[in-house]
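The chain contents come next:
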Amino acid sequence: MSDLMHWMYDHYIKPEIENQPKDDAEGLWLDSLNNELDPQMRRTLQKALSYYAVQGFRLGVRTGITLERDLR
């Protein structure tokens, strides 16, 4: 990932994801996953999640640009 995408993830994408409302079941399995993983696996999971979140963000931007004329 580029420096810009790292910055976007840290300052925009991740906070937006973390601020999404979660129901009790989602909160439970996220807490359970976090409690079960050792620190190295948590870092590895975080890197994988950041990669996929950035790719999804980039896809959304490209899709929005492509569809912009059709959505007017």
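In the block above lies the structure referred to throughout.
Summarised in this report is the structure supplied together with it. (Residues numbered from 1 in each chain as written. Predicted model: local features only at pLDDT ≥ 70, side-chain atom pairs only at ≥ 80, totals over all residues. Heavy atoms only, no water.)

Under the counting rule described, the total for this entry stands at 2 aromatic pairs. Centroid distance Y12 to F57: 6.0 Å. Interplanar angle 65°. Geometry classified as edge-to-face. Highlighted residues: Y12 in helix α1 (residues 3-18) and F57 in helix α3 (residues 39-67), separated in sequence by 45 residues. Taking the centre distance of 5.1 Å and the plane angle of 80° together, the rings of Y51 and Y52 count as edge-to-face. Judged by relative accessible area, Y51 falls into the partly exposed class, the value being 42%. (Phe/Tyr/Trp six-rings, centres within 6.5 Å; stacked < 30°, edge-to-face > 60°. Helix = DSSP H or I, 4+ residues; strand = E, 2+ residues; numbered from the N terminus. Buried < 20%, exposed > 50% of the residue type's maximum accessible area, 1.4 Å probe, protein only.)

The next subject is the nonpolar core. Core analysis: the largest hydrophobic core is formed by 6 residues, namely M5, M8, Y9, I13, A53 and V54. Sorting the residues of this core by element identifies α1 and α3 as the ones contributing at least two each. For this core, the leading source of residues is α1, giving 4 residues. Once residues lying within four places of it in the same chain are set aside, the contact partners of Y9 are K14, P15, Q46, L49, S50, A53 and V54. (Core = buried A, V, L, I, M, F, W, Y, C linked by side-chain atoms within 4.5 Å. Contact = heavy atoms within 4.5 Å.)

The subject of this paragraph is α1. A rise of 1.5 Å per residue sets the reference length of α1, with its 16 residues, at 22 Å; its end C-alpha atoms lie 21 Å apart and thus fit the reference within 8%. Burial in α1 covers these residues: M5, M8, Y9 and I13. Here the buried face of α1 lies against α3. (Expected span 1.5 Å × (residues − 1).)

Two elements in contact, α1 and α3, have axes whose closest approach is 10 Å; the angle formed by their N-to-C orientations is 90°. When the axis of α1 is compared with that of α3, the two are roughly perpendicular. For the pair α1 and α3, contact is made by M5, M8, Y9, Y12, I13, K14 and I17 and by Q46, L49, S50, A53, V54, F57 and R58, respectively. Partitioned by chemical class, the residues of the contact of α1 with α3 number 10 nonpolar, 2 polar and 2 charged. (Axes fitted to C-alpha atoms, helices over the stretch in contact; angles between N-to-C directions. Parallel < 35°, antiparallel > 145°, perpendicular 65-115°, else oblique. Nonpolar A, V, L, I, M, F, W, Y, C, P; charged D, E, K, R; others polar.)

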